[in-house]
Amino acid sequence: MRNRRCAVDKRLRQLIRGDKRVIAQTITTVENATDPKVLEQIFPHTGKAYHIGITGPPGAGKSTLVNVLCQHLLTDGKKIGIIAVDPTSPFSGGALLGDRVRMTDLSLHKDVYIRSMGSRGSLGGLAQKTKDVALVLDAAGMDYVFIETIGVGQVELDIAQVCDTTVVVLVPESGDSIQAMKAGLLEIADILVVNKGDREGSDRFMLELKFAFELREQVTGWDFPILKTIATKPEGIPELGAAIAAHRSYLEGCGMLEKARKIKLKRRIHELIENRISSHLREHMIGEHELDTMLDKMYRRKLNPFRVAARIADRIIRPQ
Ligand SMILES: Nc1nc2c(ncn2[C@@H]2O[C@H](COP(=O)(O)OP(=O)(O)O)[C@@H](O)[C@H]2O)c(=O)[nH]1
Ligand SMILES: [Mg+2]
């Protein structure tokens with residue numbers, strides 16, 4: 001027992017020091033575990049990393065942007081974790097190997113740790129696991145944790161909401177802004193980036209977006225920036241870095257960072273309680289045999305599912 005305790009403490013110390021091998025092992029454990037023991041151990045060591053969400057449609061240049069932005073931030077001696085929630089992400093290696101920007105170079109840097117999350121498992125599960133992986137990277141002493149997601153669905157929006165600053169990346173292609181608006185992307189954006197600024201129509205697109213956002217600035221007090229970048233050149237990257245830093249200062253200055261993080265913790269607590277209760281319910285709610293009998297009756301229209309559900313729920317809510 002004592003020896004096991006020592007081994008756990010040693011691994012925790014290695015994780016906190018940022019040992020890449022231990023980070024990888026811990027992430028794998030957390031990804032596969034259903035019980036939160038490891039997360040409980042690391043939680044006291046989290047809360048220091050600044051989380052930046054990079055979200056937008058596939059092909060907008062998110063990975064390329066994260067790459068050059070990280071290279072920019074590394075010059076300050078920062079440690080960076082990247083989570084790519086995108087099965088096609090070039091961080092996983094290979095996909096864009098011949099590209100001008102070498103995605104794989106970054107993963108060799110001693111102060112960078114990159115993890116790709118597949119779309120394995122249920123969608124709700126993916127969002128949860130991404131948050132858990134972010135905790136591991138936070139405990140491992142990362143100054144920044146980037147989370148790249150394809151901003152199209154609820155899951156991605158959910159993940160983006162664990163971030164302190166969310167950067168939405170769009171490209172000057174027809175319909176992009178409308179799509180983004182439909183997906184609720186513009187509502188979660190703290191900074192908007194028009195990437196592929198070398199493409200035709202980028203200035204007109206910037207103007208369109210500026211017009212659409214004029215009202216929002218007055219509501220939040222944050223002077224919402226819309227920036228143009230060319231990730232492949234790269235161009236506009238120091239400005240993007242400065243905008244993220246400015247957003248952070250804004251949040252810290254008005255107490256919003258703490259408030260927002262508390263809201264996120266509250267949301268997490270609700271999720272965790274719901275998860276526990278629903279898995280408990282699935283296991284204990286009703287015996288297979290009892291259900292089979294009822295299913296048969298329901299199929300023959302002798303019983304209705306509404307009454308059955310109410311009866312079972314009552315039994316759980318008000319046990320005799
Ligand atoms: N012309 C142009 N191409 C870019 C720019 N940024 C990225 N790309 C290219 O767009 C493609 C998709 O980039 P990627 O970073 O994988 O996009 P993601 O799916 O949003 O992560 C790649 O071929 C990049 O080289 C840019 O600023 N200008
Ligand atoms: Mg990508």
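Our structure is the block above this text.
Thresholds applied
- Residues numbered from 1 in each chain as written.
- Chains lettered and ligands numbered in written order.
- Predicted model: local features only at pLDDT ≥ 70, side-chain atom pairs only at ≥ 80, totals over all residues.
- Heavy atoms only, no water.
- Pairing = 2+ DSSP bridges.
- Helix = DSSP H or I, 4+ residues; strand = E, 2+ residues; numbered from the N terminus.
- Axes fitted to C-alpha atoms, helices over the stretch in contact; angles between N-to-C directions.
- Salt bridge = Lys/Arg side-chain N within 4 Å of Asp/Glu carboxyl O.
- Buried < 20%, exposed > 50% of the residue type's maximum accessible area, 1.4 Å probe, protein only.
- Patch = residues over 30% accessible without salt bridge, like charges linked within 9 Å, V, L, I, M, F, W, Y side chains within 5 Å.
- Areas by Shrake-Rupley, 256 points an atom, 1.4 Å probe, with all protein chains shown as cover.
- Lys, Arg positive; Asp, Glu negative; His and termini not counted.
- Charge placed at Lys NZ, Arg CZ, Asp CG, Glu CD.
- Parallel < 35°, antiparallel > 145°, perpendicular 65-115°, else oblique.
- Contact = heavy atoms within 4.5 Å.
- Nonpolar A, V, L, I, M, F, W, Y, C, P; charged D, E, K, R; others polar.
- Donors = N, O, S within 2.8 Å, 3.2 Å for Na, K, Ca; no water.

### Overview of the sheet that holds strand E4 (residues 144-150)
Phase 1 of the analysis: Taking strand neighbours across the sheet as the criterion, the seven strands line up as E3-E2-E4-E1-E5-E6-E7 in an open arrangement whose pairing is parallel. Both edges of this open sheet fall to strand E3 (112-116) and strand E7 (226-228), since each of them pairs with a single strand only. For this sheet, the mean inter-axis angle between neighbouring strands, taken without regard to orientation, is 20°.

### Examining the pattern of salt bridges
Phase 1 of the analysis: One pass over the full model with this rule turns up twelve salt bridges.
Phase 2 of the analysis: For the salt bridge of Lys-233 with Glu-235, the shortest nitrogen-to-oxygen distance reads 3.5 Å.
Phase 3 of the analysis: What makes Glu-235 partly exposed here is its relative accessible area of 41%.
Phase 4 of the analysis: Linked by salt bridges that have partners in common, Lys-131, Asp-132, Arg-268 and Glu-271 make up one network.

### Some words on a positive patch on the surface
Phase 1 of the analysis: On the surface, a cluster of positive charge is contributed by Lys-10, Arg-11, Arg-13, Arg-17 and Arg-21.
Phase 2 of the analysis: For the positive patch, the element with the highest residue contribution is helix H1 (residues 2-17), accounting for four residues.
Phase 3 of the analysis: Here Arg-21 is to be found in helix H2 (residues 20-32).

### Re the packing of helix H4 (residues 62-74) against helix H11 (residues 237-253)
Phase 1 of the analysis: With their axes 10 Å apart at the nearest point, H4 and H11 run at an angle of 80° to one another. On the basis of their axis angle, the class for H4 and H11 is roughly perpendicular. Taken together, the residues of H11 that come into contact with H4 (itself represented by Leu-65, Val-68, Leu-69 and His-72) are Ile-237, Pro-238, Leu-240, Gly-241 and Ile-244.
Phase 2 of the analysis: Of the residues contributing to the contact of H4 with H11, the split by class is seven nonpolar, two polar and no charged.

### Examining the coordination of the magnesium ion (ligand 2)
Phase 1 of the analysis: The magnesium ion (ligand 2) binds to the protein through Ser-63 (OG) and Glu-148 (OE); the donor distances cover 2.1 to 2.2 Å. With Ser-63 in helix H4 and Glu-148 in strand E4, this pair connects stretches of sequence that are 85 residues apart.
Phase 2 of the analysis: By relative accessible area, Ser-63 is classed as buried at 7%.
Phase 3 of the analysis: Owing to a relative accessible area of 2%, Glu-148 belongs among the buried residues under this scheme.

### So, the side chain of Thr-166
Phase 1 of the analysis: The topology assignment puts Thr-166 in strand E5 (residues 165-170).
Phase 2 of the analysis: Thr-166 sits in the buried class, given a relative accessible area of 3%.
Phase 3 of the analysis: Residues contacting Thr-166, with those up to four places away along its chain left out, are Gly-53, Thr-55, Ala-160, Ile-188, Ala-189, Asp-190 and Ile-191.

### Focus on the environment of Ile-159
Phase 1 of the analysis: Relative to the assigned elements, Ile-159 resides in helix H7 (residues 154-160).
Phase 2 of the analysis: Residue classification places Ile-159 among the buried residues on the basis of a relative accessible area of 0%.
Phase 3 of the analysis: Between the C-alpha atom of Ile-159 and that of Ala-127, which follows or precedes it by 32 residues, the distance is 5.6 Å.

### Notes on the packing of helix H13 (residues 288-299) against helix H14 (residues 305-317)
Phase 1 of the analysis: Packing of H13 against H14 brings their axes to within 10 Å, and their N-to-C directions diverge by 155°. In terms of axis orientation, H13 runs roughly antiparallel to H14. Across from Glu-290, Met-294 and Met-298 in H13, the residues of H14 making contact are Pro-305, Val-308, Arg-311, Ile-312 and Arg-315.
Phase 2 of the analysis: A per-class count over the contact of H13 with H14 returns five nonpolar, no polar and three charged.

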